[in-house]
Every structure is written in structure tokens, then in C-alpha cells.
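For reference, the chains in residue letters:
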Amino acid sequence: MTKLTRDDVLKLAHLARISLTDDEADAFVSELSAILGYVEQLSAVDVSGLQPTNQVTGLTNVMRKDEVKHYGYDSIDLLHIAPKTEKQQLKVKRMIG
Amino acid sequence: MSWDPIAKIANDVQASTIKAIDLVEQSLAAIEKHKEYQAIITVMAEQARSRAKVIDEKVANGVKVGRLAGVPFIAKDNILVRETEATASSNMLKGFVPPYQSTIVERLEAEGAICVAKANQDAFGHGASTENSDFFVTKNPHDKTRVPGGSSGGPAAAVVLEMAPFAIGTDTGGSIRQPASYVGCVGLRPTYGLTSRSGVVAMASSTDTIGPLTMSVEDAAYVLDVYAGKDELDGTTIDRDPQGYVLPPITRHLPTTKVGIIKEWMGEGLDDDVRKSIEKAAADLRAAGASVEEVSLPSLPLALAVYYILIPAEVSSNLARHDGQRYQFSAESGKNLTESYTHSRAKGFGREAKRRIMIGTYVLSSGYYDAYYKKAQTVRTKLINEFNAVFEKYDFLIGPVAPNAAFKIGENADDPLKMYLVDMMTVAPALVGVPAISIPVQPSGTTGMPIGLQIIAAQRQDRELLAFAAAAEEAIHE
């Protein structure tokens, strides 16, 4: 049964771009281990001859015309949703350093 | 004051025997009166009143408004309504006011419906009690110390508290059916793809559906008929039934119906009162002439494990967009972009969202993908095959919605896995993509809390499911 370590949890948190408090990291060690322990029951299931399902209604290659349509709002309206913008672009903190 | 059937309300508004503004005021009064249940996040009083006035003017000028003329409704907070805050009950989306709205709301409004409020939920749809709302817990209308179920607990409680004739919720793994069962209303999960996900805050894209919560099957069918079907803004949508979903005046005869009662859901772990209610419902259906026999789907006990691999995987992908740079909320701290991400996500997400993102990240990570995600997708195929085989022999499947009636607030809060077990009976239809409905049956003999019967049909048999549920509603006595 999977037993995550505190380092595993911190590594996962980094991959998921979430900083954890010490309390959260401690709680997740046991909680995530319990959840993974539960779902691991699938490893014993025989699925020989079966393919994985990605789409349940059997749709494939849904196409539409490549054309511009107007839906009653502009890119500027969408930019208003963002916390910081400048010159009609998202403004973010420095990426290096 | 309770509401007339939705079709009648719309007819009366069109006939000018009642006014849309009075209906809106009735809704707003009920919302105010039942404030203490905390079902509602945002009341849209002014928007609703001005829409009502426009509708009343149209009627006065002899203009045909539509099939939902003047009918108030409540939307779960993850369903976008233009220029109205949509938080999905999360701190991450607090202050998010979309300039566009969901296809569902667009279609409801096109027929004259009026959104009066946005309702509480578990944040981002993660939960079965509304206790995971980042703001407050909604109380069960039948007992304030108990949860209303979730994640659509706010919309479900709102309908029972008569705040509107219908509410719209979302069901990813049970989030409409389970709260409907806990509060005693009707809750429909349509076939996957029948309801556009455009403008709905994404949880798990391969199982997210949008469905009505009402006080009768007739109303649920009437509302679904307005908004079901293909949408160019959602590539996974499918064609609606050419016959539509409005129930015929004479409902289906039960004697021609073959019903299977699911063996795996009636065994260990099922509360005695729930078992009694479901067995009584089955007996009532038999007495009305239906054939009801036990049926086994041996892989059903695996569904919850499949669900809690696939759904966190999809959740972790869908919630990646909430990075503190695009949707309103952003942590001030952090010296560079990476820290701005990690700090914003630390503050904006609640404990359950973090938990699911972490599990999803784990099962999708290199080296574990085949063992978890791909294996779960393959067991999903096994489930689909078993459902298909059973629907060769039976028209409908029945069973409980959840292993218990509504539990006490706080009862499951400290054990996430125990909370997940509440989803045991609702996740399989979601994974398989079939429609399912919860209708109220005999309440718990011990606590008096409502209990729902789950009825499941084959994929794209939503019309048949609704007709049977309406007949069952009459045949089953509380």
C-alpha cells in the first residue's frame, strides 16, 4: 500500500504549484495516503482484452468551421476579469530570479 | 406559498392572469424569509425585477414571451450569469463577474425565465454536504443541524424552501441526485453531453452535466426540454431526443416495465431506514404492475475507486487555470511568477480543492499514469459493458441514491475518505454517462429525514426515464 512521505507531499505540492503550511503538509501525508490506499484496489482487477474509455458517448473528431463569430463581448471585457493588466495584456511578476 | 406547475405559471403570465413581477417578489420574499438556511450566495433582486418588468410589458403588448415566461429560477453559483458574481463558492473566484453567461442560462432566458439568485455549493463542486463551501454551510430545510447534501446543496434547499419553482445544478458524480435525496426534491442528471457545459465552472469535463432540481418530475422534464441539446460552444454535446422531454399527458403504463434493483447497493453499508424505503418503493412498483427483480453488476463496488482517480485527475487539469493571474483573485505576496502562482493557489483554494489537485497530480505523474489513470479508464470500460449488458434485459435500474439520509453538520468533516463514501451509489452512472434521477420516497422512520430513490436508464433514454419516474412518483406512496 502506498505510503506517501512528507517529501513526496511537498514534491507534489510543488508540481501542483501550491505552497503548503506545515499543518497542511502533515495532514496530507496521512489523508492522501489513505485515499491512494483506497483506490489501489483497482490494481487487482483483471481488465485483459479491454480498452480504456476516454469519451462515453462515442463522439470522434467534432469539427466546426474556422470562422470569427461575435458573442457580445470583446477581449477587453475578458481582460477586466484579470487582477492586473497593462496595455491590454496580463501583467505578471518577473519570471526569473 | 407553494408554486404551481411550471407550465401553468408560464401560461398564466402569458395570459396576463399573473404578473412576472409578482412572481419575482414572491421569490425574493421566500429568499428573505429563509435566510437562516444560507442557501443563497447572491440575490439578484434588481436584475430580476427589471427583467420581470420587460416581460410584463411584452405580455401587455401581445408579444409571445416563451415557455418559461416570467418563471423565477435559482442557479448554482458555478453556472455563469452575465454581469453577476460567480464564485463557485470559492475564495479563488471571489469577485469574478463574467461578461458572458452559460448556454443553459441563455436558453432559459430566451424562453422568459428569470434568474433571481445564485446558490451555495461545495467549492468548485468538491463535496457532498456544502461544508466545503469557502463561505458557509447550507442547512437542511428539514433539520437545521443536518447538511442538505452537495455539492448542489444550495439549489436543492432553495427549491424545497420554495424560493423558486426550479433550480439549476450540476452533477459530476452525484451533485444533483444526492442533495435532492437529502432534502426531498426531484433531481435529474441528464445523459452526458445532452447539456452544454459552456459557461459552467469546469470540475471534471468527462462527467460534468447540468440538471434541474424541482418539486415534481413533470417540472424537471419541462425545464430540461427548454435547454437540452447540441451547442456549438461545447463540442461534446449530443442531439436532443426528436420527441423532446415534456411529459405526455398520460404517463407510461408501469405493467410493461422491467425494472432491475441493484444487488450491490442493497448490501452491507446501507442504512436500515434507507433499505426499508427502497424496498417499499420496489414493492409499490410491483403492486402497480411493474416487474422488479434483483440484478447484479459485479464491478459496481469498484466505481468509487475509479471515480476518485479519474475525477481528481480532471480536477487538477481544470483548476490549473486558477493561477492568480487570470481570474480576479491574486495573492500580493511572492517575489516572482512561480511564487505568485503557489501563494495565490495556497490562499485561493480550500482544503478539499488542494487535496483533489494533489491526488490528480499524483495519478497523472510520470511513472504512475498507467497504474492509476489508465487502469481506472479501463475499469470504466468494464463498468460500461456491465451496464450495457443489463440494459439489454431491463428498461430501468433502481436503488438508493446514497447509503444514508442527511447526516449531521460536522459528522464526516474530519475524514475525507468517509465523505467520499457518501458518493458510492451516484458515481457509477456518471462514469458510464447514463441519465439518472432521484425522486423522494418514504422518509426515514427514525429521523424523519427525506430519502430518495435513484432510477437509472440507458444512455440517451432521458425521455423514457422521466416518463417512468413520473409514473413511479404516482405509484410509490410516502
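Below or above, wherever it landed, is the structure these notes cover. (Residues numbered from 1 in each chain as written. Chains lettered and ligands numbered in written order. Predicted model: local features only at pLDDT ≥ 70, side-chain atom pairs only at ≥ 80, totals over all residues.)

1. Things to note about the overall build of chain B
Here's step 1: Scanning chain B for helices and strands turns up 15 helices and 11 strands.
Here's step 2: The C-alpha atoms of chain B give 21 Å as radius of gyration, which agrees with the globular expectation for 478 residues (23 Å, within 12%).
Here's step 3: Once the C-alpha set of chain B is aligned to its principal axes, its extents read approximately 65 × 55 × 45 Å.
Here's step 4: In chain B, which comprises 478 residues, the share counted as buried stands at 63%.
Here's step 5: Taking contacts inside chain B between residues at least 6 apart in sequence as the whole, the part at least 24 apart equals 76%. (Helix = DSSP H or I, 4+ residues; strand = E, 2+ residues; numbered from the N terminus. Rg over C-alpha atoms; globule rule 2.2 N^0.38 Å. Buried ≥ 20, exposed ≤ 12 C-beta atoms within 10 Å, placed from the backbone. Contact = placed C-beta atoms within 7 Å.)

2. Focus: the pairing of strand E9 (residues 396–400) of chain B
All names here are of chain B.
Here's step 1: Of all the five residues making up E9, five are buried; the element is thus mostly covered by neighbouring parts of the structure.
Here's step 2: Here strand E7 (residues 258–262) pairs with E9 via three bridges, running parallel. By the bridge assignment for E9, Ile 261 is matched with Ile 398.
Here's step 3: Alignment of E9 against strand E11 (residues 451–456), held across four bridges, turns out to be antiparallel. Among the inter-strand pairings, Leu 397 is bridged to a residue of E11, identified as Ile 456. (Pairing = 2+ DSSP bridges.)

3. Some details on the environment of Ile 439 of chain B
All names here are of chain B.
Here's step 1: Structurally, Ile 439 is set in strand E10 (residues 436–441).
Here's step 2: A C-alpha to C-alpha distance of 7.5 Å links Ile 439 and Ala 469, two positions 30 residues apart in sequence.
Here's step 3: Ile 439 has contacts with Val 186, Val 217, Gly 452, Leu 453, Ile 455, Ala 469, Ala 472 and Glu 473, leaving out every residue within four places of it along the chain.

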